[in-house]
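Take a look at the letters that make up each chain.
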Amino acid sequence: MRGFGKPAISNWQRSFFAECRLLSAECPSAAALVLYLFVPMLSPDRIHDAFSRIQKFSSADEVEAIVAGGRSALTRFANNTIHQNVAEEGYVISIRVAMDGKTARATTNRFDDESLRRAVQSAEQIAKVQQPDPDLLPAPSPEEAKETLPVERHFEATAAITPETRAAAVEQIVAVAKKHKQTTAGIYSSSENLEALLNSRGLSRIHRQTNSEVSITMLAEDSSGWQKANSPNVAHLDPKRLAEIAAEKAAQSAHPREVSPGKLTVVLEPAAVLDLLGFMFFDFGGTALLEQRSFLNNRLGTRLFGENITIHDDVYHPLQSGAAFDGEGIPREGVTLVQDGVVRSLVYCRATARRMRQSELALKLGNVHPTGHGFPLPNEIGDAPMNIVVQGGNGAAKSVDEMIASTDRGILVTRLWYIREVDPYEKILTGMTRDGTFLIENGKLAGGVRNFRFNQSLIDMLQNVEMLGTAVRASGEESFDMVVPPMKVNGFNFTELTKF
């Protein structure tokens, strides 16, 4: 990008290009796609320099900039071989202006003077043709936003991951697949990112984070198994162990039988729990309630779920990830959303908190104030909790094996997919099981079964949780990562079988 000069090639770049050359030599048919922008990891000085230039170019009452980007790399494998390596480094700077009660945003991925000037001009021109927003507040000052507590989400070992590191892990995964006479496919990705927010009232926030992720599918003749894990700290990932679990699921679910659908007891592994619960948390934002599009309308303060269900939003939980500030730079507070089955609290951005205090709902909600859960302005969402922690069984926590042992007849579900919302107020979801669905009989796994389609109310499900395990950081395919426990649920509504 212009404005920063051309850096010397780094060891990270050398190892990446060396891996691509090796891949091309060993496997001519493999696609070695390289997407790389020669940009150094942005320093705080460069971020502040870019913002000072933006301020000079703007004639608006207020200006704000969000800088986001970093380095990311991905090794993709299928048919027991690496077939793709991609890496990218880039940044965007999103500029919001406010003038005469109007606001608008424009974005560029170039940091030279001319590009920043054009982005500022675009934002100002768009703002001028907007209608005034009566809910628009002045940008927060450092005094209003206060300081955020530090969170350590950047790990040098994760930042130092090379293509060789990922390739070695894939080699272990493939070895497991071959040992079980299976075929594997999946990804191993790593990244080092930053996000920063600065405004013309003097607020400045910068968050740096690393991330690592492994997703593995094991394919047998007529069955499959799957595992996925994600963490800022690569030390928390064990690709070989994940591969062994996925392979074991594929082996144990071979020759799946038909089981009649109906309301059955299920043991849901954490990935399945996460992908179901993810459909309800945008309803815990104050904006959704004010706009009458939340399933919590007319249910605040009621015992909506079972007494064993407690849910927090907690960015400071050791298994969580992400910045400790929201899209306006306000610190994220820990909020108990559900306590012993009772809906206790919502989360708020600044404008929604003010609107809620002026509404007839304020008396039901108690202390309404900005909780640091807003998205960058302008937006249509408003606010939502994004660091979900579902409290596990604590002293009474049961392992998945103990849940299975306690079940006379039921179904073990590894993961779910293709989930869609049928009824947004009752939170009825439909979707299918996948990659490791088992019959439980007399407290033991009795082999694989053909997959089910389900139609299930989340409200009913969380009223019928018989057992909870220990909460873990979980990854799925339909929702963001959360900290959730496995669950044993009674009366889960399977409606039909699939063909595999």
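Every value quoted in this text rests on a predicted model; they were computed, and no experiment measured them.

K.L.:
Would you mind going over the pattern of salt bridges with me for this structure?
P.N.:
Pairs may arise between side chains of opposite charge once their charged atoms sit close together. Tallied over the full model, the rule gives 27 salt bridges. Ionic pairing is found between Glu441 and Arg409, a salt bridge with its closest N-O pair at 3.0 Å. Here Arg409 lies in strand E12 (residues 409-423) and Glu441 lies in strand E13 (residues 428-441), a separation of 32 residues in the sequence. On the basis of relative accessible area, Glu441 is assigned to the partly exposed category, the value being 30%.

K.L.:
Help me understand the side chain of Asp313, please; the structure alone is not making it clear to me.
P.N.:
Within the fold, Asp313 resides in strand E8 (residues 311-313). Arg332 provides the closest opposite charge to the buried, salt-bridge-free Asp313, at an N-O distance of 5.6 Å. For Asp313, the side chain forms a polar contact with the side chain of His373, separated by 2.6 Å. Polar side-chain contacts of Asp313 include one of 3.0 Å to the backbone nitrogen of Met386. Setting aside residues no more than four positions away along its own chain, Asp313 makes contact with Glu333, Gly334, Val335, Leu337, His373, Pro385, Met386, Asn387 and Ile388.

K.L.:
Would you mind going over the confidence of the model for the protein with me for this structure?
P.N.:
As a note on interpretation, predicted positions should not be read in detail where pLDDT is low. Across the protein, the average pLDDT comes to 91, with 92% of residues at 70 or higher. Low pLDDT, under 50, characterises residues 1-39; the predicted model gives this stretch 66 contacts beyond four residues in sequence or across chains.

K.L.:
Can you help me understand the environment of Met386 in this one?
P.N.:
Position of Met386 among the secondary structure elements: in the loop between helix H11 (362-365) and strand E11 (388-390). Residue classification places Met386 among the partly exposed residues on the basis of a relative accessible area of 24%. Leave out the neighbours within four places in its chain, and Met386 touches Phe282, Asp313, Phe375 and Phe480.

Conventions we followed
- What you see as residue numbers is a count from 1 along each chain, following the sequence as written.
- For this predicted model, a pLDDT threshold of at least 70 governs which residues receive local features, and a threshold of 80 or more governs which side-chain atom pairs are given and counted, while totals over whole chains, interfaces and linings are taken from all residues.
- For side-chain calculations, the full set of non-hydrogen atoms in the structure is used, while hydrogens and water are omitted.
- Throughout this description, the term salt bridge denotes a Lys or Arg side-chain nitrogen within 4 Å of a carboxyl oxygen of Asp or Glu.
- The secondary structure listing takes helices from DSSP runs of H or I that are at least 4 residues long and strands from runs of E that are at least 2 residues long, numbered from the N terminus.
- Each residue's exposure class comes from its accessible area (1.4 Å probe, protein chains only) as a fraction of the maximum for that residue type: buried when under 20%, exposed when over 50%, partly exposed otherwise.
- Charge assignment in this entry is limited to Lys and Arg as positive and Asp and Glu as negative, and neither His nor the chain termini are counted.
- Throughout this description, a polar contact denotes any pair of N or O atoms lying within 3.5 Å of each other; where both atoms belong to protein, one of them has to be capable of donating a hydrogen while the other can accept it, and for residues adjacent in sequence the pair is counted only when both atoms sit in side chains.
- Two residues qualify as a contact provided that any one of their heavy atoms is within 4.5 Å of a heavy atom in the partner residue.
- Known as pLDDT, the predictor's per-residue confidence is scaled from 0 to 100.

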